[in-house]
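What follows is the residue order along each chain.
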Amino acid sequence: MELKYGASREKPREDAAMQRFRGHRVGQFIHWGLYALPAGRWEGKDVEFAAEFLPRVAKVPQQRWEALANDFTLADFDAERWADTAVALGARYMTITTKHHDGFCLWPSAHTDFHMGNTPSGRDVLGELVAAYEARGIDVNFYYSVLDWRHPDWRFTLENDADNLAFARYLDFAMKQLEELAERYPSVKGFWFDGTWDESVKANGWWTWEVERMLKERLPGVVVNSRLRADDLGARHVDSNGLLMGDYESGYERRLPEPWDRSVAARDWEACMTIPQASWGYHQGPWAQSTLKHPWDVVDMIAHCTSLGGNFLLNFGPRGDGSMAPAEVEIARTVGEWLAVNGEAIYGCGYAEGWDYPGWGYFTRDSSTGKVFAVVTRAPASGRIRLELPTGLELVGLRLLGSGEYPFKGLADSVFEVELGGASNAGPRVFAVETSALAHPASEKEPNPDV
Ligand SMILES: COc1ccc([C@@H]2N[C@@H](C)[C@@H](O)[C@H]2O)cc1
């Protein structure tokens, strides 16, 4: 059907900026704002919900919430230390909350009084972060919440003309803030939109289309997530003709594609994930701190995303004083040490055509060399993994990344079992699967009889 505000292309972007984003595979998400000060606790009680939702869940009066800006002293905020955590993680890009749902801005915005300029330090947090991350070669993306609980013209629904007029003013305000971000920080590489699920936004698909157009005009190459977009009929992420809007699909939030399905690999996509079970902002309570993910779980998720051509954005919630949470830094370090040895199977890799999901982990394929890797994140209790080669290939050897050893060489069969050897304390093992074309391809594999 004819759409004015639908998808702007039928196929994935292939320009250099998009190829760079696609090849990053691992990103650092950061949720930081006034919510890091109470950190999930209000009036002495733990609020067992995402820390960044505290003002809503605990029904904090607006003035009391705004007064937190006076305590936002940045006493221990050091952009260099944050950027070092991204390096330790092995992240190639970072996405920072410029403004979350409470409306507080991490930059001195000219379009509101609720921003860093009206805090004791007055520091431009975004400016300091862009400088520190880019000095380390890490791309910076901006998260921006269209939903704004504080702005008087925000509307969840549009019931009458007065709502329409007010919301038109709000959309104008948000557009001005986005133009301001593009103007102040022109090296930004992407925008990650959130807070676009309400009826009010869905009824204004034209505005979401206009935002994408404006950003791409001002910042050529910039990458925009699908979550911004609604089409003429209010369809989100994918337009009413079934085409992806924006540059990559961003519906996977605290979940990955389950079951593993090769069809996901047809599009660019990114999954974002918390380290605690369900809080994006720092939450000090045992409700969150008792649920931190194990580094090998994070490695499994990274490999899962890569195997289906997706990026993985791991979230960090710095504390109210600006320091990174030590437990999260430790997880970053362990994952980064694994990537330092095995990143060859992740960075610049994607879906390995012809290699089915093996169950004990994932196959990935280097998009430029065609090299295939076996990432064993779920070693069977037997200590043996079964590899099934695509028809027409024979195995030349399996090279263990890191040691470079060839524990397995010269097996020619199309299906074989491989002894893994003892458990590794260095985390999931990765093998480069070296194959060559079979001179006389075996006949087609005998099918299982239909039972
Ligand atoms: C259940 O509804 C929501 C609404 C917003 C979110 C926000 N999206 C994540 C990326 C975080 O920013 C979280 O606050 C999460 C769940």
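These lines cover the structure that appears in this document, whether it is placed above or below. (Residues numbered from 1 in each chain as written. Predicted model: local features only at pLDDT ≥ 70, side-chain atom pairs only at ≥ 80, totals over all residues. Heavy atoms only, no water.)

Turning our eyes to something else, we now look at the packing of helix 10 (residues 295–307) against helix 11 (residues 326–342). The contact between helix 10 and helix 11 brings their axes to 9 Å, and the two run at 50°. With respect to helix 11, the element helix 10 is oriented oblique. Our pair here, helix 10 against helix 11, has a crossing hand that is right-handed. Across the interface between the two elements, Pro295, Trp296, Val298, Val299 and Ile302 of helix 10 pack against Ile331, Thr334, Val335, Trp338 and Leu339 of helix 11. Considered class by class, the residues forming the contact of helix 10 with helix 11 number 9 nonpolar, 1 polar and no charged. (Axes fitted to C-alpha atoms, helices over the stretch in contact; angles between N-to-C directions. Helix = DSSP H or I, 4+ residues; strand = E, 2+ residues; numbered from the N terminus. Parallel < 35°, antiparallel > 145°, perpendicular 65-115°, else oblique. Left-handed = near helix turned anticlockwise from the far one by under 90°. Contact = heavy atoms within 4.5 Å. Nonpolar A, V, L, I, M, F, W, Y, C, P; charged D, E, K, R; others polar.)

Between helix 4 (residues 79–89) and helix 11, the shortest axis-to-axis distance is 6 Å and the interhelical angle comes to 40°. By the angle class used here, helix 4 and helix 11 are oblique. Residue-level contacts link Thr85, Ala88 and Leu89 of helix 4 to Val329, Ala332, Arg333, Val335, Gly336, Glu337 and Leu339 of helix 11. Tallied by class, the residues present in the contact of helix 4 with helix 11 amount to 6 nonpolar, 2 polar and 2 charged.

This part covers the pairing of strand 12 (residues 362–366). Burial of strand 12 is extensive: 4 of the 5 residues sit out of reach of the surface. Here 4 bridges tie strand 12 to strand 13 (residues 372–376), and the two strands are oriented antiparallel to one another. Bridge pairing links Arg365 to Val372 in strand 13. Hairpin remark: strand 12 followed by strand 13, antiparallel, with 5 residues in the connecting loop; positive phi at Gly370, about 80°. (Buried < 20%, exposed > 50% of the residue type's maximum accessible area, 1.4 Å probe, protein only. Pairing = 2+ DSSP bridges.)

An order of 11-12-13-18-15-16 is seen for the 6 strands of this open sheet, with the pairing classed as antiparallel. Among the strands making up the open sheet, the edge pair consists of strand 11 (349–351) and strand 16 (408–409). Direction of pairing for strand 11 relative to strand 12: antiparallel, over a ladder of 3 bridges. Pairing of Cys349 across the sheet is with Asp366, part of strand 12.

Another aspect to go through is the environment of Phe173. Mapped onto the elements, Phe173 comes out in helix 6 (residues 161–184). Placed 22 residues apart in sequence, Phe173 and His151 show a C-alpha to C-alpha distance of 9.4 Å. Among residues more than four places away in sequence, those in contact with Phe173 are Lys99, His111, Thr112, Tyr144, Asp148 and His151.

So, about the nonpolar core. Counting residues in each nonpolar core, the largest one holds 102 residues, and the members touching the most others are Ile96, Tyr133, Phe142, Phe191 and Phe193. For this core, the leading source of residues is helix 6, giving 9 residues. Contact partners of Phe193, with chain neighbours within four places excluded, come to Tyr144, Val146, Leu178, Val211, Leu215, Val224, Asn225, Arg227 and Leu228. By size, the runner-up hydrophobic cluster in this structure holds 19 residues, among which are Val372, Val376, Ile385 and Leu387. (Core = buried A, V, L, I, M, F, W, Y, C linked by side-chain atoms within 4.5 Å.)

Next up on the list: helix 5 (residues 125–135). Residue pairs spaced three or four apart in an α-helix point in one direction, given the helix's 3.6 residues per turn. Taken together, the buried positions of helix 5 are Val125, Leu126, Leu129, Val130, Ala132 and Tyr133. Those residues of helix 5 that are buried are in contact with strand 1 (26–30), helix 4, strand 4 (93–99), strand 5 (139–145) and helix 6. Its side-chain oxygen at 3.2 Å from the backbone nitrogen of Leu126, Asp124 defines the N-terminal cap of helix 5. (Polar contact = N/O pair within 3.5 Å; in protein donor to acceptor, adjacent residues only side chain to side chain.)

Before going further, it helps to spend a moment on the environment of Leu171. Looking at the element boundaries, Leu171 is found in helix 6. We classify Leu171 as buried; its relative accessible area is 3%. If we skip the residues at most four places from it in the chain, Leu171 touches Asn204, Trp206 and Trp207.

Relative to the elements of secondary structure, Ser200 occurs in helix 7 (residues 199–202). Ser200 has contacts with Trp154, Arg155, Phe156, Thr157, Leu158 and Phe167, leaving out every residue within four places of it along the chain.

In the segment running from Glu258 into Pro259, the intervening peptide bond is cis, with an omega of -5°. Positive phi, normally seen in glycine, also occurs at His237, with a value near 65°. Topologically, His237 is positioned in the loop between strand 7 (223–224) and strand 8 (249–253). Judged by its relative accessible area of 14%, His237 falls in the buried class.

Another aspect to go through is the site of the ligand. The local shell around the ligand consists of His31, Glu52, Phe53, His100, His101, Tyr143, Trp192, Asp194, Trp197, Glu253 and Trp280. Within the side chain of Tyr143, one N or O atom sits 3.4 Å away from an oxygen atom of the ligand. Of the residues contributing to the shell around the ligand, the split by class is 5 nonpolar, 3 polar and 3 charged. (Near = heavy atom within 4 Å.)

What follows deals with the sheet that holds strand 8. In space, the 8 strands of this open sheet follow the order 7-6-5-4-1-10-9-8, with parallel pairing throughout. Edge positions in the open sheet fall to strand 7 and strand 8, since each of these has one partner strand only. Sheet analysis places strand 1 next to strand 10 (residues 310–316), joined by 5 bridges and oriented parallel. When the bridges of strand 10 are listed, Gln28 appears paired with Leu314.

Considering all chains together, one arrives at 38 salt bridges under this definition. In this structure, Arg13 and Asp15 form a salt bridge, with 2.7 Å as the shortest nitrogen-oxygen distance. Look at Arg13 and you get buried, because its relative accessible area is 9%. For Asp15, a relative accessible area of 30% translates into the label partly exposed. The closest approach of N and O atoms between Arg384 and Glu419, which form a salt bridge, is 2.6 Å. Of the two residues, Arg384 sits in strand 14 (residues 384–388) while Glu419 sits in strand 17 (residues 415–419), which places them 35 residues apart along the sequence. Look at Arg384 and you get partly exposed, because its relative accessible area is 32%. Counted as one network, the salt bridges with shared partners bring together Arg9, Arg13, Asp15, Glu212, Lys216, Arg229 and Asp247. (Salt bridge = Lys/Arg side-chain N within 4 Å of Asp/Glu carboxyl O.)

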